[in-house]
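Chain and residue survey
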Amino acid sequence: AQSVTQPDIHITVSEGASLELRCNYSYGATPYLFWYVQSPGQGLQLLLKYLSGDTLVQGIKGFEAEFKRSQSSFNLRKPSVHWSDAAEYFCAVASSGGSYIPTFGRGTSLIVHP
Amino acid sequence: DARVTQTPRHKVTEMGQEVTMRCQPILGHNTVFWYRQTMMQGLELLAYFRNRAPLDDSGMPKDRFSAEMPDATLATLKIQPSEPRDSAVYFCASGDDQQTGISDTQYFGPGTRLTVL
């Protein structure tokens, strides 16, 4: 069965600083990988996804993520954080075969200091 | 700007009452997911529909929960009877796998915040 680990429950950064949110997955084959963002009181919104091909994926709002098979990781990065990036971030993994049902991590809460 | 809608946005009820939550997926989408989000458990999949047929409801407590899609524009999640431990935010998401075979993007609704007293 697939699983996702987001080791950091909370991350605090200063506005303008760089950001990296960690995500590790467990899945036997090449997975589909996703990052979603949830602002307070809202549903989740897709930031980016990896399905195949280039392992460096660009997303919306200036985010990117890199799939590293050797490390079973899909870390999310942003070079310069804005105060509006404060939110909950979820990594998800889905099987590349079968019925496709994503499994979500527990989320990382991003706090941005001015 | 197409989006998933959910009603009600907030629901407070007493233990033992029936609760019905509704979701309107994005027009043309053929997959619907129901999730429950709590602080303790995070985001849990309750049910998954494809072309209105339930494909996976293994995460749903069968004795009190039921999910249906009466038509392509409406998905419902019912709890009867409700219990305090059902208090959570319930999300509906829709997707389209008709082109690629996978719903590689899920579009989430704003959620229904349920409080059972």
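Everything discussed here concerns the structure shown above.
So, here's what we can say about the structure. As a convention, each chain's residues are numbered from 1 in the sequence order in which they are written. To label them, take the chains in the order written and letter them from A, then take the ligands in the order written and number them from 1. Confidence filtering applies because this is a predicted model: local features only for residues at pLDDT of at least 70, side-chain atom pairs given and counted only at 80 or more, and all residues used for totals across whole chains, interfaces and linings. Where side-chain values are given, they derive from all heavy atoms of the structure, hydrogens and water being excluded.

1. Description of the overall build of chain B
Our working definition: Helix and strand labels come from DSSP, where a helix needs a run of H or I of at least four residues and a strand needs a run of E of at least two; each type is numbered from the N terminus. For this measure, only C-alpha atoms enter the radius of gyration; the expected value for a globule follows 2.2 Å times N^0.38, where N is the number of residues. Throughout this description, buried means an accessible area under 20% of the type-specific maximum (1.4 Å probe, protein chains only), exposed means over 50%, and partly exposed covers the range between. In this description, contact between two residues means that some pair of their heavy atoms is separated by no more than 4.5 Å. Only the protein chains shown count as covering a residue, and every accessible area follows the Shrake-Rupley method with a 1.4 Å probe. Positive charges come from Lys and Arg alone, negative charges from Asp and Glu alone, with His and the N- and C-terminal ends not counted. Charge positions are represented by NZ for Lys, CZ for Arg, CG for Asp and CD for Glu.
Counting its regular elements, chain B contains 0 helices and 11 strands. For chain B, the N- to C-terminal ordering of α and β elements is β-β-β-β-β-β-β-β-β-β-β. For 117 residues, the compact-globule estimate of 2.2 N^0.38 gives 13 Å, and the C-alpha radius of gyration of chain B, at 14 Å, lies within 12% of that figure. Considered along the principal axes of its C-alpha atoms, chain B spans approximately 45 × 30 × 30 Å. The burial tally for chain B puts 48% of its 117 residues in the buried class. Residue pairs in contact within chain B that sit at least 24 positions apart in sequence constitute 56% of those at least 6 positions apart. Accessible surface computed for chain B: about 5900 Å², of which carbon and sulfur atoms make up 49%. The average position of the 12 basic charges and that of the 14 acidic charges among the side chains of chain B differ by 4 Å.

2. A closer look at the sheet that holds strand E7 (residues 65–71) of chain B
Residues and elements named next belong to chain B. So the rule is basically this: Any two strands are treated as partners once DSSP identifies two or more bridges connecting them. Note on method: axes are straight lines fitted to C-alpha atoms, helices fitted across the in-contact stretch only, with angles between N-to-C directions ranging 0 to 180 degrees.
Taken in spatial order, the 4 strands make up an open sheet running E1-E3-E8-E7, and their pairing is antiparallel. Pairing within the sheet leaves two strands with one partner each, and these edge strands are strand E1 (5–7) and E7. Between one strand axis and the next, the sheet turns by 20° as a mean value, whatever way the strands run.

3. Quick word on the packing of aromatic side chains
Put simply, the rule reads: Pairing of aromatic side chains here covers Phe, Tyr and the six-membered ring of Trp, requires ring centres within 6.5 Å, and sorts the geometry by plane angle: under 30 degrees stacked, over 60 edge-to-face, intermediate tilted.
One pass over the full model with this rule turns up 12 aromatic pairs over all chains. Relative to Tyr35(B), the ring of Phe104(A) has its centre 5.5 Å away and its plane inclined at 90°; by these criteria the two rings are edge-to-face. Taken together, the residues Phe104(A) in strand E11 (residues 103–104) and Tyr35(B) in strand E4 (residues 31–38) connect one chain to another.

4. Remarks on the state of the cysteines
Note: disulfide means a covalent bond formed between the sulfur atoms of two cysteine side chains. All names here are of chain B. Note the threshold: The disulfide criterion is simple: two cysteine sulfur atoms within 2.5 Å.
Taken as a whole and assessed by the stated rule, the structure comprises 2 disulfides over all chains. The disulfide partner of Cys 23 is Cys 92, and the gap between their sulfur atoms is 1.9 Å. What sets the handedness of the Cys 23 and Cys 92 disulfide is the S-S torsion sign, and at about -55° it is left-handed. Taken as a pair, Cys 23 in strand E3 (residues 19–24) and Cys 92 in strand E9 (residues 88–95) lie far apart in primary sequence, 69 residues in all. Judged by relative accessible area, which is 1%, Cys 23 ranks as buried. A residue is classified by how much of its surface remains accessible, and Cys 92, at 0% relative accessible area, is buried.

5. A word on the interface of chain B and chain A
Note the following rule: In this description, buried area is defined as the sum, over both parts, of the accessible area (probe of 1.4 Å) that is lost when the two are combined. Side-chain atoms alone can form a polar contact between residues adjacent in sequence; in general such a contact is a pair of N or O atoms within 3.5 Å, and within protein one must be able to donate a hydrogen while the other accepts it. Each residue gets one of three labels, nonpolar for Ala, Val, Leu, Ile, Met, Phe, Trp, Tyr, Cys and Pro, charged for Asp, Glu, Lys and Arg, and polar for the others, Gly among them.
Taken together, the contacts link 21 residues of chain B with 18 residues of chain A. Counting each side, the surface lost to burial between chain B and chain A is near 1600 Å², with a carbon and sulfur contribution of 57%. Between the two partners, chain B and chain A, sit 5 residue pairs in polar contact (both at pLDDT 80 or more). When residues of the side of chain B that touches chain A are traced back to their parent elements, those giving at least two are E4 and strand E5 (42–50) of chain B. No other element matches E5(B), which puts 4 residues into the side of chain B that touches chain A. A breakdown of the residues in the side of chain B that touches chain A according to their chemical character gives 11 nonpolar, 7 polar and 3 charged.

6. With respect to the pairing of strand E2 (residues 10–14) of chain A
All names here are of chain A. Only one face of E2 is buried: it carries Ile 11 and Val 13, and the other face, with His 10, Thr 12 and Ser 14, is open. In terms of strand pairing, E2 meets strand E12 (residues 108–113) through 5 bridges, oriented parallel. Across the sheet, the residue bridging to His 10 is Ser 109, located in E12.

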